[in-house]
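Coordinate inspection notes
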Amino acid sequence: MIDIALDATIPTLRVVDVSCSLPTYTALGFALTWQHQLTPDAPRLTSLQQGVAQLFLTEHAVAPVGAVVYFDTRGLDALVARAAAAGVLPTFGPENRPWGSREAYFTDPDGNVLRFGERLV
């Protein structure tokens, strides 16, 4: 029998201009790990990472803009404070939710929603 394992999930978010989106993601603690562009006028594919969480931002028209990604988070209030210090404010929260997590949402310039949730003890 063949063993099958999915080791990671890397959401790919459609953006119109990576340069306009990067400040939101870096304010949330993501670091640029690599960027690919076939020619200077071609769309870019960019990889971002924070800890084990990884995202791709693409200018390629592979999907519509407006996705939602949820991140299990530790240190939510510190994340919100870091983002606010960089001028990026949440569009929701932080707020304790009835399902047992404290959450804050951020929306990038293209309408992609990044939901960060920390389990309440």
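Refer to the structure printed above.
This report concerns the structure included in the present document. (Residues numbered from 1 in each chain as written. Predicted model: local features only at pLDDT ≥ 70, side-chain atom pairs only at ≥ 80, totals over all residues. Heavy atoms only, no water.)

1. Here's the deal with unusual backbone geometry
With an omega of 5 degrees, the peptide bond running from Gly 93 to Pro 94 counts as cis. Residue placement: Pro 94 occurs in strand β6 (residues 92-97). (Helix = DSSP H or I, 4+ residues; strand = E, 2+ residues; numbered from the N terminus.)

2. A few points about the environment of Ala 63
As for its position among the elements, Ala 63 is in the loop between β4 (53-58) and β5 (68-72). Residue classification places Ala 63 among the partly exposed residues on the basis of a relative accessible area of 35%. Considered as a pair, Ala 63 and Thr 12 are 51 residues apart in the sequence and their alpha carbons are 8.8 Å apart. (Buried < 20%, exposed > 50% of the residue type's maximum accessible area, 1.4 Å probe, protein only.)

3. Some points on the sheet that holds strand β2 (residues 31-36)
Sheet architecture is open: four strands sit in the order β1-β4-β3-β2, paired in mixed fashion. Two strands in the sheet have a free side with no partner beyond their single neighbour: β1 (12-14) and β2. Between one strand and the next, the sheet's axes are offset by a mean angle of 25 degrees, whatever the strand orientation. Taken together, the three bridges between β1 and β4 define a ladder with parallel strand orientation. From the neighbouring strand, Thr 12 faces β4, where its bridge partner is Phe 56. Helix α1 (residues 18-27) rests against β1, β2, β3 (45-50) and β4 of the sheet, and its axis sits at about 160 degrees to β4. (Pairing = 2+ DSSP bridges. Axes fitted to C-alpha atoms, helices over the stretch in contact; angles between N-to-C directions. Contact = heavy atoms within 4.5 Å.)

4. Observations concerning the sheet that holds β6
Strand order in the open sheet formed by four strands is β5-β8-β7-β6, with mixed pairing between adjacent strands. Looking at the sheet topology across the chains shown, the edges are occupied by β5 and β6. Across the sheet, the mean angle separating the axes of adjacent strands is 20 degrees when strand polarity is ignored. The strands that helix α2 (residues 76-85) touches are β6, β7 (101-107) and β8 (113-119); relative to β7, the one it contacts most, it runs at about 25 degrees.

5. With respect to the pattern of salt bridges
Per the counting criterion, the structure on display carries six salt bridges. Notably, a salt bridge pairs Asp 72 with Arg 119, separated by 3.6 Å at the nearest N-O pair. Within this pair, whereas Asp 72 is found in strand β5, its partner Arg 119 is found in strand β8, the two being separated by 47 residues in sequence. The class for Asp 72 is exposed, based on a relative accessible area of 57%. Of the charged contacts in the structure, one is a salt bridge between Arg 115 and Glu 103, with a shortest N-O distance of 2.9 Å. Of this pair, Arg 115 sits in strand β8 while Glu 103 sits in strand β7, and the two are twelve residues apart along the sequence. On the basis of relative accessible area, Glu 103 is assigned to the buried category, the value being 1%. Through salt bridges with shared partners, a single network forms among Asp 17, Arg 44 and Glu 59. (Salt bridge = Lys/Arg side-chain N within 4 Å of Asp/Glu carboxyl O.)

6. What to know about the environment of Gly 75
Along the chain, the position of Gly 75 falls in the loop between β5 and α2. Linking Gly 75 and Ala 42, residues 33 residues apart in sequence, is a C-alpha distance of 38 Å.

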